Amino acid sequence: MNLRPREISLTLRLLCDSLEKTGVNASAPGRVNLLGEHTDYNDGFVLPTAIPQTTIVHLGFSPDRQHHFYSHELEELVSLTTTDPTPQSFARYLFGCLRVVEQAKYTVPPLNVYVNSSVPIGSGLSSSAALEVAFLRGLRSLFSLDFDDIRIAQLAQQAEIEYAGVQCGIMDQMASSLADTQHLLFLDTRSLDRQLLPFPIGSEILVIDSGIPRTLAESGHNQRRAECEEAARQLGVKALRDIIDITQLETLPELLKKRARHVITENNRVLEAKQGITAARFGDLMNDSHASLRDDYQVSIAGLDRLVSILQSTPDVFGARLTGAGFGGACVALVTEGKAIEIAKTVLESYRKAGYTGRLLVPEPT
Ligand code: ADP
Ligand code: MG
């Protein structure tokens with residue numbers, strides 16, 4: 001439903017009034033993945049951490065028969081009845097969460113929802129999962145729902161797949177639901193076994209946005225996913241996770257061999273990192289991961305390669321790689337503890353001289 005500006009301000013005022021009286025607040029963080037890229041939809045292993053930026057959702061009962069969803073970042077208000085079809089805008093993430101909760105046999109009355117977030121949108125730091133997890137946490141507390149954090153992540157993933165139309169794995173939602181900023185979250189995406197691990201001694205993370213929008217990400221992602229499924233089918237396994245040794249890939253056609261080799265070597269990198277290794281070794285694994293994403297999985301582009309190579313050649317950087325689906329978005333580096341801000345300045349300057357405009361994402365700029 002499209003509202004005129006006067007109606008928007010009136011609806012917003014009512015929304016805020018009602019939230020002050022009956023509302024609850026909930027929040028969830030974005031995430032950055034350090035190792036284990038494009039492995040989650042292959043039943044593999046991932047190693048993300050939460051970032052300091054969070055999404056906060058205020059929610060309460062709506063006084064009329066409609067849901068009212070407002071995003072502070074998008075300055076967008078969407079009002080819809082409980083029987084309306086899936087909306088197109090950001091509201092589909094919230095709508096999807098409501099639907100999956102209803103499918104779990106709960107009845108949700110019309111709600112007012114106010115979204116306020118510091119998670120960068122569309123940079124590969126999972127603002128979508130932060131939104132879903134924060135909203136589901138809010139629903140859990142408003143209605144005393146019997147969902148643990150894993151169930152929240154699963155419902156969030158279901159909402160994103162079925163209502164936002166994104167064929168995602170479970171990493172983003174599990175990271176937003178279970179990770180914190182002080183640990184790495186090791187996750188086996190098949191069994192959902194997980195473990196919070198310390199960062200390598202003497203290190204911290206640095207995340208820089210390449211400033212390049214992920215325009216090809218969706219089609220590239222769907223194609224890679226299909227290639228992985230085909231490789232698994234030809235190898236006679238349920239998912240590429242079931243292959244440990246790359247010599248088993250000999251029978252595959254060249255392209256599928258490359259895709260599968262990325263997934264298998266990436267899984268092995270996560271398993272090595274899980275053992276507890278030095279920051280220098282962890283950095284080497286990140287550099288290898290980038291090379292594999294660039295050469296075998298082919299999801300990097302010139303700007304990301306440039307940013308990563310600037311990072312890799314900067315003192316006090318242990319290692320760096322693109323993070324997220326690729327084709328644009330952010331790069332992550334492991335750097336000497338206490339040095340991230342200083343490194344970011346030098347790196348952004350060199351990146352600018354190369355003709356690109358990046359920005360610091362983590363540590364959170366003040
Ligand atoms: P990301 O890597 O940030 O998760 P996605 O494309 O998966 O990128 O999700 C971004 C989408 O999530 C936005 O286009 C918007 O629909 C929704 N979203 C995330 N954060 C917000 C927010 N604060 N307000 C409104 N919508 C949001
Ligand atoms: Mg997302």
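Please read these numbers as outputs of a predicted model, since none were measured by experiment.

Asks: With reference to specific residues and values, describe the site of ligand 1.
Replies: Taken together, 18 residues lie near ligand 1, and Ser71, Glu73, Gly122, Ser127 and Ser128 sit nearest. Note that a nitrogen atom of ligand 1 is positioned 2.9 Å from one of the side-chain N or O atoms of Glu73. With respect to ligand 1, the backbone of Gly124 contributes an N or O atom lying 3.3 Å from an oxygen atom. Across the complex, the protein chains shield 83% of the 560 Å² of accessible surface that ligand 1 would expose by itself.

Asks: Before we move on, could you go through the nonpolar core and cite the residues and values that matter?
Replies: Core analysis: the biggest nonpolar cluster contains 37 residues, and Leu206, Leu240 and Leu311 have the highest contact counts within it. Residue assignment for this core shows that the elements contributing at least two residues are strand S8 (203-209), helix H6 (217-235), helix H7 (254-274), helix H9 (302-312), strand S9 (317-322), strand S10 (330-336) and helix H10 (340-353). Residue contacts for Leu311: discarding those within four places in its chain leaves Leu206, Ile208, Val317, Ala320, Cys331, Ala333 and Val347. Formed by 35 residues, the second largest nonpolar core is a distinct cluster that contains Ala91, Tyr93, Phe147 and Ala159.

Asks: Residue-level account of the packing of helix H2 (residues 91-103) against helix H3 (residues 127-143), with values.
Replies: Running from amino to carboxyl end, H2 crosses H3 at an angle of 45°, the nearest separation of the two axes being 10 Å. Here H3 runs oblique to H2, going by the angle between their axes. The interaxial crossing formed by H2 with H3 has right-handed handedness. Contacts between H2 and H3 pair Tyr93, Leu94, Cys97, Leu98 and Val101 from the former with Ser128, Leu131, Glu132, Phe135, Leu136 and Leu139 from the latter. The class makeup of the residues in the contact of H2 with H3 is 9 nonpolar, 1 polar and 1 charged.

Asks: Residues and numbers for H6, please.
Replies: With 19 residues, H6 extends 27 Å from end C-alpha to end C-alpha; this agrees with the ideal 27 Å at 1.5 Å per step. Residues of H6 that are buried: Ala217, Gly220, His221, Arg224, Arg225, Glu227, Cys228, Ala231, Ala232 and Leu235. Within H6, the buried residues cover an arc of 165° as seen down the axis, which keeps them to one side. When the buried face of H6 is taken as reference, the exposed residues oriented beyond 90 degrees from it are Glu218 and Arg233. On its buried face, H6 is in contact with H7.

Asks: So, the pattern of salt bridges: which residues are in play, and what are the values?
Replies: Scanning the entire structure with this criterion turns up 21 salt bridges. With a shortest N-O distance of 2.8 Å, Arg321 and Glu37 are connected by a salt bridge. Of the two residues, Arg321 is situated in strand S9 and Glu37 in the loop between strand S1 (24-35) and strand S2 (45-61); the sequence distance between them amounts to 284 residues. A relative accessible area of 3% places Glu37 in the buried class. Taken together, the shared-partner salt bridges in this structure form one network comprising Asp43, Arg190, Lys238 and Asp242.

Asks: Outline the packing of aromatic side chains, supporting the account with residue identities and numerical values.
Replies: On inspection of all chains with the given rule, the structure shows 6 aromatic pairs. Relative to Tyr163, the ring of Phe95 has its centre 6.1 Å away and its plane inclined at 65°; by these criteria the two rings are edge-to-face. Taken as a pair, Phe95 in helix H2 and Tyr163 in helix H4 (residues 149-163) lie far apart in primary sequence, 68 residues in all. Here Phe95 matches Tyr163 in class, with each residue buried. When the ring of Tyr351 is compared with that of Tyr356, the centres are 4.9 Å apart and the planes differ by 10°; the resulting orientation is stacked. We classify Tyr351 as buried; its relative accessible area is 0%. Over the ring of Phe186 we find Lys274; its NZ or CZ atom is 4.7 Å from the centre of that ring.

Thresholds, definitions, all that
- Residues numbered from 1 in each chain as written.
- Chains lettered and ligands numbered in written order.
- Predicted model: local features only at pLDDT ≥ 70, side-chain atom pairs only at ≥ 80, totals over all residues.
- Heavy atoms only, no water.
- Near = heavy atom within 4 Å.
- Polar contact = N/O pair within 3.5 Å; in protein donor to acceptor, adjacent residues only side chain to side chain.
- Areas by Shrake-Rupley, 256 points an atom, 1.4 Å probe, with all protein chains shown as cover.
- Core = buried A, V, L, I, M, F, W, Y, C linked by side-chain atoms within 4.5 Å.
- Buried < 20%, exposed > 50% of the residue type's maximum accessible area, 1.4 Å probe, protein only.
- Helix = DSSP H or I, 4+ residues; strand = E, 2+ residues; numbered from the N terminus.
- Contact = heavy atoms within 4.5 Å.
- Axes fitted to C-alpha atoms, helices over the stretch in contact; angles between N-to-C directions.
- Parallel < 35°, antiparallel > 145°, perpendicular 65-115°, else oblique.
- Left-handed = near helix turned anticlockwise from the far one by under 90°.
- Nonpolar A, V, L, I, M, F, W, Y, C, P; charged D, E, K, R; others polar.
- Expected span 1.5 Å × (residues − 1).
- Arc of directions from axis to C-beta.
- Salt bridge = Lys/Arg side-chain N within 4 Å of Asp/Glu carboxyl O.
- Phe/Tyr/Trp six-rings, centres within 6.5 Å; stacked < 30°, edge-to-face > 60°.
- Lys NZ or Arg CZ within 6 Å of the ring centre and 35° of its normal.

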